[in-house]
Amino acid sequence: MLRINKDVEYALISLIAMGKEESILSARELSSRFQIPYGLLSKILYRLAHGNIIVSIQGPKGGYRLNGTMNDITIGKVMETVHGPSRVAACLDEAGSCIQECNCNIKGIVRRVQNQWDRFINSMTLSQFAAWDMAGESTTLQ
């Protein structure tokens with residue numbers, strides 16, 4: 001099943017808050033506001049800062065802000081930075097990782113699904129993702 005990891009969910013929640021408010025937000029503030037465990041969120045924000053998605057501001061009024069705009073950041077970049085490559089099947093990670101590799105009759109289909117997934121997440125920006133949320137459940141995927 002394709003799903004977004006909880007770490008990625010927390011990253012997206014935090015990034016959208018930073019983007020909408022266009023301000024510096026601390027890990028404590030984000031943790032409290034969105035009921036995200038502080039230790040876990042700190043690790044996620046660390047990864048996002050090292051991936052140049054956000055900037056860490058030091059000092060008493062420090063925190064984090066986006067490194068750019070919500071239009072500059074793709075969902076794929078966030079997912080890769082926080083959780084690593086997103087694969088629809090483990091066999092796509094490395095050769096020899098599946099016992100059916102030699103006689104698999106769906107490998108081509110799985111690759112096509114992976115390619116579609118990659119195109120989708122790498123073309124969707126945080127702005128587009130947030131706009132879907134604001135549009136409600138009647139919005140369809142494009």
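Source: prediction; values computed, not measured.

## Remarks on the overall build of the protein chain
Along its length, the protein chain carries six helices and two strands. When the helices and strands of the protein chain are read in sequence order from the N terminus, they spell out α-α-α-β-β-α-α-α. Expressed as a percentage of its 142 residues, the buried residues of the protein chain come to 32%. Sequence-distant contacts, at least 24 apart, represent 62% of the contacts inside the protein chain between residues at least 6 apart. By element, 51% of the accessible surface of the protein chain is carried by carbon and sulfur atoms, the whole surface being about 9100 Å².

## Brief notes about helix H1 (residues 6-21)
With 16 residues, H1 should reach 22 Å at 1.5 Å per residue; the first-to-last C-alpha distance of 23 Å fits that figure. Restricting attention to buried positions, one finds in H1 the residues Asp7, Val8, Tyr10, Ala11, Leu12, Ser14, Leu15, Ile16, Ala17, Met18 and Gly19. Once H1 ends, the next one or two residues include Glu22, with phi positive near 45°.

## Examining the packing of aromatic side chains
The tally for this structure, following the rule as stated, stands at one aromatic pair. Ring centres 6.3 Å apart and planes at 35° place the aromatic pair Trp117 and Phe120 in the tilted group. In this pair, Trp117 and Phe120 are both assigned in helix H5 (residues 107-123), three residues apart and thus about one turn of the helix distant. Given a relative accessible area of 15%, Trp117 falls into the buried group. Sitting over the face of the ring of Tyr38, Arg28 holds its NZ or CZ atom 3.6 Å from the ring centroid.

## Describing the environment of Gln114
Within the secondary structure, Gln114 sits in helix H5. A relative accessible area of 5% places Gln114 in the buried class. The sequence separation of Gln114 and Val88 amounts to 26 residues, and the corresponding C-alpha distance is 5.9 Å. Looking at Gln114, its side chain comes within polar contact range of the main-chain nitrogen of Val88, at 2.8 Å.

## Here's the deal with the nonpolar core
Among the nonpolar cores identified, the biggest contains 31 residues, and Leu15, Met18, Leu45, Leu48, Ile54, Val78 and Leu126 are the most heavily contacted of them. Of all elements in the fold, only H1, helix H2 (27-34), helix H3 (38-50), strand S2 (63-66), helix H4 (75-83), H5 and helix H6 (126-135) reach the threshold of two or more residues within this core. Per-element tally for this core: the top contributor is H1, with eight residues. Beyond its immediate sequence surroundings of up to four residues, Leu126 is in contact with Leu12, Leu15, Ile16, Met70, Ile73 and Ile75.

## Some thoughts on the confidence of the model for the protein chain
Across the protein chain, the average pLDDT comes to 88, with 88% of residues at or above 70. The weakest mean pLDDT in the protein chain belongs to H6 at 82; the strongest belongs to H3 at 97. Below a pLDDT of 50 lies the segment residues 138-142, which in the model reaches five contacts outside its immediate sequence neighbourhood of four places, other chains included.

## Thoughts on the pairing of strand S1 (residues 54-57)
Relative to S2, S1 runs antiparallel, the two being bridged by four bridges. Note on S2: the bridge partner recorded for Ile54 is Leu66. Connecting S1 to the next strand, S2, in antiparallel fashion are five residues, including Gly59 with a positive phi near 115°.

Criteria and thresholds
Residues numbered from 1 in each chain as written. Predicted model: local features only at pLDDT ≥ 70, side-chain atom pairs only at ≥ 80, totals over all residues. Heavy atoms only, no water. Helix = DSSP H or I, 4+ residues; strand = E, 2+ residues; numbered from the N terminus. Buried < 20%, exposed > 50% of the residue type's maximum accessible area, 1.4 Å probe, protein only. Contact = heavy atoms within 4.5 Å. Areas by Shrake-Rupley, 256 points an atom, 1.4 Å probe, with all protein chains shown as cover. Expected span 1.5 Å × (residues − 1). Phe/Tyr/Trp six-rings, centres within 6.5 Å; stacked < 30°, edge-to-face > 60°. Lys NZ or Arg CZ within 6 Å of the ring centre and 35° of its normal. Polar contact = N/O pair within 3.5 Å; in protein donor to acceptor, adjacent residues only side chain to side chain. Core = buried A, V, L, I, M, F, W, Y, C linked by side-chain atoms within 4.5 Å. pLDDT = per-residue confidence, 0-100. Pairing = 2+ DSSP bridges.

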